[in-house]
Number of protein chains: 2
Amino acid sequence: MKPSFSLRLRVFNLNCWGIPYLSKHRADRMKRLGDFLNAESFDLALLEEVWSEQDFQDLRQKLSPTYPAAHYFRSGIIGSGLCVFSKHPIQEFTQHVYSLNGYPYMIHHGDWFSGKAVGLLVLHLSGLVLNAYVTHLHAEYNRQKDIYLAHRVAQAWELAHFIHHTSKKADVILLCGDLNLHPKDLGYRLLKEWTGLHDAYLETQDFKGSEEGCTMVPQNCYVNQQELEPFRCGIRIDYVLYKAVSGFYISCKTLKTTTGHDPHSGFPLSDHEALMATLCVKHRPPQQNPSSTNGPTERSPLISVLREAWTELDLAVAQARWWATFAGYVIGLGLLLLALLCALVAGGEVREVAILLWTPSVGLVLGAGAVYLFHIQEVKGLCRARAELYHVLGRAREAQDLGPESQPALLLGHQEGNRAEDQ
Amino acid sequence: MKPSFSLRLRVFNLNCWGIPYLSKHRADRMKRLGDFLNAESFDLALLEEVWSEQDFQDLRQKLSPTYPAAHYFRSGIIGSGLCVFSKHPIQEFTQHVYSLNGYPYMIHHGDWFSGKAVGLLVLHLSGLVLNAYVTHLHAEYNRQKDIYLAHRVAQAWELAHFIHHTSKKADVILLCGDLNLHPKDLGYRLLKEWTGLHDAYLETQDFKGSEEGCTMVPQNCYVNQQELEPFRCGIRIDYVLYKAVSGFYISCKTLKTTTGHDPHSGFPLSDHEALMATLCVKHRPPQQNPSSTNGPTERSPLISVLREAWTELDLAVAQARWWATFAGYVIGLGLLLLALLCALVAGGEVREVAILLWTPSVGLVLGAGAVYLFHIQEVKGLCRARAELYHVLGRAREAQDLGPESQPALLLGHQEGNRAEDQ
């Protein structure tokens, strides 16, 4: 590869709000999205909330001349909603489904049924290995009393960990998606600190779009205005994040967002705003210090955010255990009630009432049984994330104690970082 | 690293058969296992079916002087049963839970509740990066009519894919575990062909142990003799697999198995036999052709096994769809019955019978609903694996058409494999 090597990468991201029968003007919006993507001819278009596989197939057909490669990530009962269209051949793809994703009995929220995931594409562009990730984390329904906070933190951790373990030979890492995290939220900080990813909005040389880079804005006619009331100019929850490793340098030349309208006609493409980034990848001259893109060098923010996440997960473990115990008591109560009803029926007393109460009692036992099993599984998932966090926290502290020289080797798993006790 | 570099690695693997209340002499066997591991002082001990976390904690306490590092992989409702004890510090760990793992309504088999997974440990040994994987795939209850075949094939594929994506910077890859696959089974061939892993039993210079390397033998008093009847000397379903990448060479100096008895006293440690391998990692001289360990070079067996797996998954998709449709019809029937019962109760006819039938009808609708949702999820999981297989199959064919020079680059995602159309 020549030292003058330079690669321009145009990326598009949108949460499409494509819920069949529920999302307004879905067919029309999908049609206009297809026209727009064809006209713009991005290198990569990463989409979330394409819940209907038929919508993906229609888009695929329409986009195939411009984007010959495409993939739909299947998971859960409804699907992950994630898909990608690429101008370049996809070398490899895989996905990771988050182990925690809300509660099955919160049917009106529906996240549990969707099988939220992170999808990975590996592309080879002019000899450069690009790992592109697309994801969608659990929605936030009530910021004041967010019962999904720990699940979202665990998802952000799994996302960061998945990127960490699958990108070790990548030259450039790109993450797009709807994180359902505000820029100051724990999950966002955890993800950025552990992966060393840069936020296109904060780093770009040229930004055009909505105020403060918001991706849900009150100007958008599909947005629930009441939900956005506490946020004057909207919220920023969709992101383009990137980093370069191993001798490359990446920068964001331009970042655009839509501003509550279709870029051409009046109506917006979705209730979220689209992100359009132009990234530039260059060879890093050997004298340049690669630490800024090669991983986090300042450890204390990482330690502090890991500690914060650990505390959050620890609280959630206690709460999940409480729910499992509570469900256990309800099962016991239900079984007692069933025994009582059997005795009443056998004794011939208030027979009809006893028979009438049979159904809700069986339902109670079965329902509580399902809730018990679910929360036992939740405890396992939270404990898993907590153990991984704890391990990384230990290693981050160790790295801090050893001083700056040993940090990248210890934390980023570099081959050079062999230590005496490994013998 | 010196060219004379040489590393000896002693590895232990055992499916411990540690089901609380069900497995015979569990406490005694766990105690003796701990004593044995302490006495032998392996580099790594990888265990499966340690279903009770308390058993792991007891072992951890006992083994901590010899194996200071340990990890228990939590997942599902019961757990993955996987754990590891290491003489060397664990740099990193993570896990992947298989998306398909049997059926929740097959309660007597119980695999669905266990959350079968693959665990990954990253170790740094004398400057060498070792990725050690431990796994346990879905059990085979009836070889003649194996309803879990497609799930096990999908698990083998996910395992191979997980290793492929997480080991790109590893020098040595080690996989131990109970694969529940015979050496000629599709899943085993798929795993070996796609990852390029070598089987310690087939490659070792010195084997001592049970006939044909079997890991479930009729001599073991805990084994169900009836199940082993068709196999004279037993079955080989537990494995030590390995490969070296990037300038290293790995060989298996010795492989031992137990032979239905504890290595010291009479009673066996489990219903499975333990595997004990001594591996030797050396620097590969630059003139040596690395192709034999650097990935599969002979593509046609890969293409053939990928095609076979694709066909198996395709059949399973059709079957899962059939079950979902069937469950859909049962839901309809149940709802019809409920409406009829309501009408009977309202009309005052055979009131008591109608009320009595209310519970089973509600149960029918809810049960069929759960089965419907489960099989819809199964379809998604099978389609996901099928799509990944199809993609790799396409690339393998492409590589075969292009000739041997382009094969490693195309298939193993090497950085050098950039192609003109990637521009």
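Read on for a plain summary of the structure.

About the criteria used
- Residues numbered from 1 in each chain as written.
- Chains lettered and ligands numbered in written order.
- Predicted model: local features only at pLDDT ≥ 70, side-chain atom pairs only at ≥ 80, totals over all residues.
- Heavy atoms only, no water.
- Contact = heavy atoms within 4.5 Å.
- Buried area = accessible area lost by both parts, 1.4 Å probe.
- Salt bridge = Lys/Arg side-chain N within 4 Å of Asp/Glu carboxyl O.
- Polar contact = N/O pair within 3.5 Å; in protein donor to acceptor, adjacent residues only side chain to side chain.
- Helix = DSSP H or I, 4+ residues; strand = E, 2+ residues; numbered from the N terminus.
- Nonpolar A, V, L, I, M, F, W, Y, C, P; charged D, E, K, R; others polar.
- Axes fitted to C-alpha atoms, helices over the stretch in contact; angles between N-to-C directions.
- Parallel < 35°, antiparallel > 145°, perpendicular 65-115°, else oblique.
- Left-handed = near helix turned anticlockwise from the far one by under 90°.
- Pairing = 2+ DSSP bridges.
- Least-squares fit on C-alpha atoms with pLDDT ≥ 70 in both.
- 1 Å grid on protein atoms, 1.4 Å probe; cavity = no way out; pocket = protein on both sides within 12 Å on 5 of 7 lines; lining within 4 Å.
- Points joined across faces, edges and corners; volume = space filled by probe spheres on them.
- Buried < 20%, exposed > 50% of the residue type's maximum accessible area, 1.4 Å probe, protein only.

Let's talk about the interface of chain A and chain B
Each partner contributes residues to the interface: chain A has 60 residues there, and chain B has 60 residues. Taken together, the two surfaces of chain A and chain B that pack against each other cover about 5,500 Å², and 54% of this comes from carbon and sulfur. Applying the counting criterion to the chain A and chain B interface returns 2 salt bridges. The partner of Lys168 of chain B in a salt bridge is Glu92 of chain A, with the nearest N and O atoms 2.8 Å apart. Here chain A is connected to chain B by 16 residue pairs in polar contact (both at pLDDT 80 or more). When contributions to the side of chain A that touches chain B are tallied by element, the ones reaching two or more residues are β5 (90–97), β6 (117–125), α4 (149–166), α9 (351–402) and α10 (407–412) of chain A. At 17 residues, α9 of chain A tops the list of elements feeding residues into the side of chain A that touches chain B. By residue class, the composition of the side of chain A that touches chain B is 21 nonpolar, 25 polar and 14 charged.

Thoughts on the packing of α4 of chain A against α9 of chain A
Residue and element names in this part refer to chain A. α9 packs onto α4 with a crossing angle of 50° between their chain directions and a minimal axis gap of 10 Å. Relative to α9, the element α4 is oriented oblique. Crossing of α4 over α9 shows left-handed handedness. Residues Ala150, His151, Ala154, Trp157, Glu158 and His161 of α4 lie in contact with α9, whose contacting residues are Glu378, Leu382, Arg384, Ala385, Glu388, Leu389 and Val392. The residue inventory of the contact of α4 with α9, partitioned by class, reads 7 nonpolar, 2 polar and 4 charged.

Things to note about the sheet that holds strand β10 (residues 207–208) of chain B
All names here are of chain B. Across the sheet, which stays open at both edges, the 7 strands sit in the order β3-β4-β2-β1-β13-β12-β10 with mixed pairing between neighbours. Whereas interior strands pair on both sides, the edge strands pair on one side only; in this sheet they are β3 (69–72) and β10. The sheet contact formed by strand β2 (residues 44–50) and strand β4 (residues 83–86) spans 4 bridges and is antiparallel. Following the sheet pairing, Leu47 is matched in β4 by Cys83.

Thoughts on the relation of the copies chain A and chain B
The two copies are related by a screw motion: chain A maps onto chain B through a turn of 180° and a shift of 0.1 Å along the axis, at an RMSD of 0.1 Å. Classification of the inter-copy transformation places it as that of a two-fold axis. Mapped onto chain B, 100% of the interface residues of chain A are again interface residues, and the two copies thus contact each other with one and the same surface.

Details of the layout of surface pockets
All names here are of chain A. Quantified by volume, the second largest pocket comes out at close to 1,400 Å³. As for the second largest pocket, its lining consists of 43 residues, of which Trp17, Ile19, Glu49, Ala139 and Tyr141 are closest to the centre. Within the residue set of the lining of the second largest pocket, elements represented by two or more residues are β1 (6–18), α2 (53–63), α3 (111–114) and α7 (225–228). When grouped by side-chain class, the residues that make up the lining of the second largest pocket number 19 nonpolar, 14 polar and 10 charged.

A few points about the pairing of strand β11 (residues 238–244) of chain A
All names here are of chain A. Of all 7 residues in β11, 7 are buried; the element is thus mostly enclosed. Where burial is concerned, the two faces of β11 agree: the one with Asp238, Val240, Tyr242 and Ala244 and the one with Tyr239, Leu241 and Lys243 are both buried. In this sheet, β11 lies alongside strand β8 (residues 172–178) in antiparallel orientation, the contact comprising 7 bridges. Residue Gly177 lies in a different strand from β11, and its bridge partner there is Tyr239. Alignment of strand β9 (residues 198–199) against β11, held across 2 bridges, turns out to be antiparallel. Bridging from a neighbouring strand, His198 pairs with Tyr242 of β11.

Observations concerning unusual backbone geometry
Residue and element names in this part refer to chain A. For His25, which is not a glycine, the phi torsion comes out positive at approximately 50°. For Ser41, which is not glycine, the phi dihedral falls at a positive 50°. Tracing the backbone through its elements, the reader meets Ser41 in the loop between α1 (26–40) and β2 (44–50). Ser41 gets classed as partly exposed once you look at its relative accessible area, which sits at 23%.

What about the sheet that holds β1 of chain A?
Adjacent strands of a sheet form backbone hydrogen bonds with each other and so pair up, either parallel or antiparallel. Residues and elements named next belong to chain A. Across the sheet, 7 strands lie side by side as β3-β4-β2-β1-β13-β12-β10; this open sheet has mixed pairing. The open sheet has two edge strands with one neighbour each: β3 (69–72) and β10 (207–208). Set on the sheet, α1 makes contact with β1, β2 and β13 (275–283); between it and β1 the angle comes to about 175°. Strands β2, β3 and β4 (83–86) of the sheet are contacted by α2, whose axis makes an angle of about 5° with β4.

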